[in-house]
Amino acid sequence: MELTGRDFDKIPPRNLHVPVVDFARLWLAAEQRYDRERSWAALGVVDACRWLACATVRLETGRTFLAYAPVTHRTGLAHEETIQAECLAAEVLLFRRPVPAWLAERPGWLESIVVTLGWAWQRSGKPPIDIPTHIPG
């Protein structure tokens, strides 16, 4: 997804417990990484960022939709209560045994979501990917 300054301006600060500028840099780096590698792990970071940012996702086909919660698939804008619920749902799914077959087919996706939400919302740990101080593009 191509991000613009308008996408970053719409990030709700109340959805984050890290500086918005740090989150915006992470989101941009994650989108660029996903464009390059198309891995499940990269998609997990992108999915979490888009949802936290209440982004309108623009597909290459031209279709647009409001980003949905990555684990629960909850629709609607992310806000404090739904973010906390998503964090809990992601952590519960992470430790579910046996691992659901659909999740086993997505290596790194859930772990990336847990780390992204943990960093951005729970202020725990470090960002899921390295955030360059300057990102071209």
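Scroll up to find the structure.
Residues numbered from 1 in each chain as written. Predicted model: local features only at pLDDT ≥ 70, side-chain atom pairs only at ≥ 80, totals over all residues. Heavy atoms only, no water.

Caption draft 1: Representation of the packing of helix α3 (residues 40-52) against helix α6 (residues 109-120). Put simply, α3 and α6 touch, their axes get as near as 7 Å, and they point 40° apart. One element, α3, and the other, α6, form an angle in the oblique class. Classified by chirality, the crossing of α6 by α3 is right-handed. Residue-level contacts link W40, A41, L43, G44, V45, D47, A48, C49, W51 and L52 of α3 to W109, S112, I113, T116, L117 and A120 of α6. (Axes fitted to C-alpha atoms, helices over the stretch in contact; angles between N-to-C directions. Helix = DSSP H or I, 4+ residues; strand = E, 2+ residues; numbered from the N terminus. Parallel < 35°, antiparallel > 145°, perpendicular 65-115°, else oblique. Left-handed = near helix turned anticlockwise from the far one by under 90°. Contact = heavy atoms within 4.5 Å.)

Caption draft 2: Representation of the nonpolar core in the model. With 43 residues, the main nonpolar core has F23, W27, L52 and L110 as its most contacted residues. Mapped by element, the contributors of at least two residues to this core are α2 (20-37), α3, α4 (80-94) and α6. Those residues within four positions of F23 in sequence are excluded, and the remaining contacts are I11, L16, V18, C49, L52, A53, W119 and A120. (Core = buried A, V, L, I, M, F, W, Y, C linked by side-chain atoms within 4.5 Å. Buried < 20%, exposed > 50% of the residue type's maximum accessible area, 1.4 Å probe, protein only.)

Caption draft 3: Representation of α4. Taking 1.5 Å of rise per residue, the 15 residues of α4 would be expected to cover 21 Å, and the 21 Å separating its terminal C-alpha atoms lies within 8% of that figure. Of all the positions in α4, only T82, I83, E86, C87, A90 and L93 are classed as buried. For α4, the angular spread of the buried residues around the axis is 145°, confining them to a single face. Turned more than 90 degrees away from the buried face of α4 sit E81, L88 and V92, all of them exposed. Of the surrounding secondary structure, the elements contacted by the buried residues of α4 are α3, α5 (101-104) and α6. (Expected span 1.5 Å × (residues − 1). Arc of directions from axis to C-beta.)

Caption draft 4: Representation of the environment of V57 within the structure. Mapped onto the elements, V57 comes out in strand β1 (residues 56-58). Assessed through its relative accessible area of 3%, V57 is described here as buried. Taking the C-alpha atoms as reference points, V57 and S124, separated by 67 residues in sequence, lie 27 Å from one another. Ignoring anything within four residues of it in the chain, the contact list for V57 reads M1, R50, R63, T64, F65 and A67.

Caption draft 5: Structural detail: the packing of aromatic side chains. This model, assessed by the stated rule, comprises four aromatic pairs. With centroids separated by 5.7 Å and ring planes inclined at 90°, the aromatic side chains of F8 and W27 adopt a geometry described as edge-to-face. With F8 in helix α1 (residues 5-9) and W27 in helix α2, this pair connects stretches of sequence that are 19 residues apart. W27 gets classed as buried once you look at its relative accessible area, which sits at 0%. A centroid spacing of 6.4 Å and a plane angle of 40° characterise the contact between F23 and W27, whose relative ring orientation is tilted. Within this pair, F23 and its partner W27 are both found in helix α2, separated by four residues, close to a single helical turn. Of the two residues, F23 and W27, both sit in the buried class. Through successive ring pairs, a cluster of aromatic residues spans F8, F23 and W27. Directly above the aromatic system of W109 lies the positively charged group of R106, at a separation of 5.0 Å from the ring centroid. (Phe/Tyr/Trp six-rings, centres within 6.5 Å; stacked < 30°, edge-to-face > 60°. Lys NZ or Arg CZ within 6 Å of the ring centre and 35° of its normal.)

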